[in-house]
Amino acid sequence: MKTQTTLPLLSLALGITLTLPTGTTLAQGTAFTYQGRLDSGGTPFNGSAEFQATLWDAATGGTQVAANKLGAVVVGVTNGLFTLPLDFDGKFTGADRWLQLEVRTSIGPFTTLNPRQALTPTPYALTAKEISGLLPTSQLSGTLSSAQLGGTYSGAVTFNNAGNTFKGDGSGLKGVNATTVGGVSATNLWKLSGNSGVGSGQFLGTTDNRPLELRVNGLRALRLEPGPLTNGAPNVIAGSPANYVSNHVVGATIAGGGTTNYYGSPTPNIVTANYGTVGGGGDNTASGTVSTVAGGWDNTASGLTSTVAGGGGKPCPRRGFDGGGWLWQHRQWCEFNGGRREQQHRQLLSFNGGGWLWQHRQWRDFDGWGWR
């Protein structure tokens, strides 16, 4: 037999009890207990009752804020009194909240109890709401979980425990005292204001087989390459970022010059052979081993140990720069050609690293180290 009962809610009281035993650290959750009285037909109810609880933002109508995470809960009722566990996942942000209960004492539909009950804070909760400023350390204990920490803190925070540790990329750190970064002392840092007392063995550079670059206005101005071999012959590339040394070349030097855009075209200085050198200018190439182009424009030193002093522009149809380039002599071009001898106006005008010069009716040896 089913008995239909009228369940007016006569009185409700909210109680929150937190007990923290000495020496024990507990994580404060979002659950609390609700105490109320349930009457049936004007008399206190006794027995088991099943409650469904929801949280609302208004006494009537309004919007449901949350439902009890515990779902429908069956509790014992004695002389009309019951204690109901509730957990609305912390949906208490300071705005007014109302509790709506639905109940049944037997199998069947739930009955909504009216009116909704306003949830009011306890005295200690009122005190906590008004807390501001600094709390003494004596009132803080235990460990806060990472889920309870977050947001932005505008005040100063001091960590004076040597056991404190920090993790992350440090991208948000500002005003860090560099003398304490990673335990590195100020004598081991390179400063924008300059360093003094640099000791033996200290250096600015790399310790692995990787190049090092210096830039100005975001563009490379100097590149130091270790080279593919461990022979102590790095490549030095200065000047335009268009300048380069070919792969697998060692001991090369480009002292400067070159450009990424000269009248619409790049004019890099290039070294393509071991120990080649370009001093400056533009569009110059040292393609011979131990060859040198001192400067000028559009010059190539292609022979072994060949040298071009400068100039350029290719004013002569003979464009082969073979081991030294060209000399303007007696209104015509004469070739400096790595050992090749060429007679011009009864003089031999070819010399380069082992070549000869006919001077004063005799041969003179010019070998790159002076005259003998």
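All figures in this text were calculated on a predicted structure; none of them were measured in a lab. (Residues numbered from 1 in each chain as written. Predicted model: local features only at pLDDT ≥ 70, side-chain atom pairs only at ≥ 80, totals over all residues. Heavy atoms only, no water.)

Chemist: I'd like to hear about the sheet that holds strand β22 (residues 300-301), residue by residue, with values.
Modeler: The 4 strands are arranged β14-β18-β20-β22 in an open sheet whose pairing can be described as parallel. Sheet topology places β14 (244-245) and β22 at the edges, where each strand pairs with a single neighbour. Note that strand β18 (residues 270-271) and strand β20 (residues 285-286) share 2 bridges and pair parallel. The partner of Ile270 across the bridge, within β20, is Thr285. (Pairing = 2+ DSSP bridges. Helix = DSSP H or I, 4+ residues; strand = E, 2+ residues; numbered from the N terminus.)

Chemist: Residues and numbers for the nonpolar core, please.
Modeler: The biggest cluster of nonpolar side chains holds 21 residues, and the ones touching the most others in it are Leu38, Phe51, Phe82, Leu84 and Leu101. Those elements that provide at least two residues to this core are β2 (31-40), β4 (47-56), β6 (73-77), β7 (81-87) and β8 (98-104). One finds Val271, Val293, Ala301 and Val308 within the second-largest nonpolar core, a separate group that totals 11 residues. (Core = buried A, V, L, I, M, F, W, Y, C linked by side-chain atoms within 4.5 Å. Buried < 20%, exposed > 50% of the residue type's maximum accessible area, 1.4 Å probe, protein only.)

Chemist: Describe in detail the environment of Ala49, supporting the description with residues and values.
Modeler: Summarising the element assignment, Ala49 is placed in strand β4. A relative accessible area of 1% means that Ala49 is categorised as buried. Taking the C-alpha atoms as reference, Ala49 lies 6.7 Å from Val103; in sequence the two are 54 residues apart. When residues no more than four places from it in sequence are discounted, the contact partners of Ala49 are Leu38, Val73, Val74, Val75, Val77, Val103, Arg104 and Thr105. (Contact = heavy atoms within 4.5 Å.)

Chemist: So what about the packing of aromatic side chains? Which residues, and what values?
Modeler: Following the criterion strictly, the structure yields 7 aromatic pairs and no others. Between Phe51 and Phe82, the aromatic rings sit 4.5 Å apart at their centres with planes inclined by 25 degrees, giving stacked as the arrangement. Taken as a pair, Phe51 in strand β4 and Phe82 in strand β7 lie far apart in primary sequence, 31 residues in all. On the basis of relative accessible area, Phe82 is assigned to the buried category, the value being 3%. (Phe/Tyr/Trp six-rings, centres within 6.5 Å; stacked < 30°, edge-to-face > 60°.)

Chemist: Got a sec to walk through unusual backbone geometry? Specific residues and values, please.
Modeler: Note that the residue after Asn114, namely Pro115, is joined by a cis bond; omega there is 0 degrees. For Val290, which is not a glycine, the phi torsion comes out positive at approximately 55 degrees. Structurally, Val290 can be placed in the loop between β20 and β21 (292-293). The class of Val290 is partly exposed, set by a relative accessible area of 41%.

Chemist: Can you explain the sheet that holds strand β12 (residues 219-225)? Please cite residues and give values.
Modeler: Strand pairing in a sheet is mediated by backbone hydrogen bonds. Such pairs are either parallel or antiparallel. Judged by pairing direction, the sheet is mixed, and its 7 strands sit side by side in the order β11-β12-β13-β15-β19-β21-β23 without closing on themselves. If you trace the sheet from one side to the other, it starts and ends with β11 (212-216) and β23 (307-308), each paired once. By the bridge criterion, 2 bridges tie strand β15 (residues 253-254) to strand β19 (residues 277-278) in an arrangement that is parallel. Of the residues in β19, the one forming a bridge with Ile254 is Val278.

Chemist: Which residues make up the pattern of salt bridges, and what values go with them?
Modeler: According to the stated counting rule, one finds 6 salt bridges in the structure shown. A salt bridge links Glu50 to Arg104; the shortest N-O distance between them is 2.8 Å. You can see Glu50 sitting in strand β4 and its partner Arg104 sitting in strand β8, a full 54 residues away along the chain. Classification of Glu50 as buried rests on a relative accessible area of 18%. (Salt bridge = Lys/Arg side-chain N within 4 Å of Asp/Glu carboxyl O.)

Chemist: Please give an account of the confidence of the model for the protein chain that cites residues and values.
Modeler: For the protein chain, the average pLDDT comes to 76, and 68% of its residues sit at 70 or higher. Contacts of residues 333-356 to residues separated by more than four positions or lying in other chains number 84 contacts, the stretch itself having pLDDT below 50. Below pLDDT 50 for its whole length, residues 367-372 participates in 9 contacts with residues either more than four positions away or in separate chains. (pLDDT = per-residue confidence, 0-100.)

Chemist: Account for the environment of Val293, naming residues and giving values.
Modeler: Tracing the backbone through its elements, the reader meets Val293 in strand β21. Judged by its relative accessible area of 0%, Val293 is buried. For the pair formed by Val293 and Thr277, sequence separation is 16 residues and the distance between their alpha carbons is 6.3 Å. Filtering out sequence-adjacent residues up to four positions away, Val293 remains in contact with Thr277, Val278, Gly279, Asn284, Thr285, Asn299, Thr300, Ala301 and Val308.

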